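For reference, the chains in residue letters:
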Amino acid sequence: MPRQMTCPACGEEEELTGERTAEGIAISCDRCGARWPRDTPYTCASCGGRDIRMRGQALTQFSRGTQLSIVGLHYIPLCAECDAEMLARANQQKPVPGRYRSAAAGRGGEDDGQEGLSILPR
Ligand SMILES: [Zn+2]
Ligand SMILES: [Zn+2]
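Every chain is numbered on its own, with residues counted from 1 as its sequence reads. By the order in which they are written, chains take letters starting at A while ligands take numbers starting at 1. For this predicted model, a pLDDT threshold of at least 70 governs which residues receive local features, and a threshold of 80 or more governs which side-chain atom pairs are given and counted, while totals over whole chains, interfaces and linings are taken from all residues. To get the side-chain values, all heavy atoms of the structure are used, and hydrogens and water are removed first.

Novice: Teacher, can you tell me more about unusual backbone geometry here?
Specialist: Note: most residues except glycine have negative phi, and most peptide bonds are trans. Positive phi, close to 70°, is recorded for Gln93, a residue that is not glycine. Tracing the sequence through the fold places Gln93 in the segment after α1 (84–90). Helix numbering and strand numbering both begin at the N terminus, where a helix is a DSSP run of H or I of at least 4 residues and a strand a DSSP run of E of at least 2.

Next comes the structure, spelled out in structure tokens:
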């Protein structure tokens, strides 16, 4: 089944780059710099609902002094039901906090025993 990839930020379909990360394959848009997980669920992992919206998540920026690199927005799926509060917040142009794990992506899944952010690859 072909998977249509579209940038959630600008709608780009061609200039997309896959990148292997500790959490799986991340897709980045070469046009606007947005990033999102390739294996974005089309149904909510918590309730099975199909009303999934992609919203920008704020990433912590690490400045190493020499050069301030612009970190492109990272996009995560939010369920219109389970992530309703966060979705309402995102709809007010407020980025989703970097620590937030969306219910749509399987928040609190049994395969995730880690608290907070995991920076280092396994
Ligand atoms: Zn884009
Ligand atoms: Zn849900």
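That shown, we press on.
Novice: Would you explain the pairing of strand β2 (residues 24–29) in this entry?
Specialist: Within a regular strand, the side chains alternate between the two sheet faces. Most of β2 sits inside the fold, with five of its six residues counted as buried. Here, a strand pair is defined by DSSP locating no fewer than two bridges between the strands. In terms of strand pairing, strand β1 (residues 16–21) meets β2 through six bridges, oriented antiparallel. Residue pairing for β2: Glu19 is matched across the bridge by Ala26. Remark: two residues form the turn of the hairpin made by β1 and β2, two consecutive strands paired antiparallel. The pairing of β2 with strand β3 (residues 35–37) spans three bridges and is classified as antiparallel. Paired with Ser28 across the strands is Arg35, a residue of β3. In textbook terms, the turn of a hairpin is the stretch between consecutive antiparallel strands, and for β2 and β3 this stretch comprises five residues, one of which, Gly33, has a positive phi near 85°. Working definition: with a 1.4 Å probe on protein chains only, accessible area under 20% of the residue-type maximum means buried, over 50% means exposed, and in between means partly exposed.

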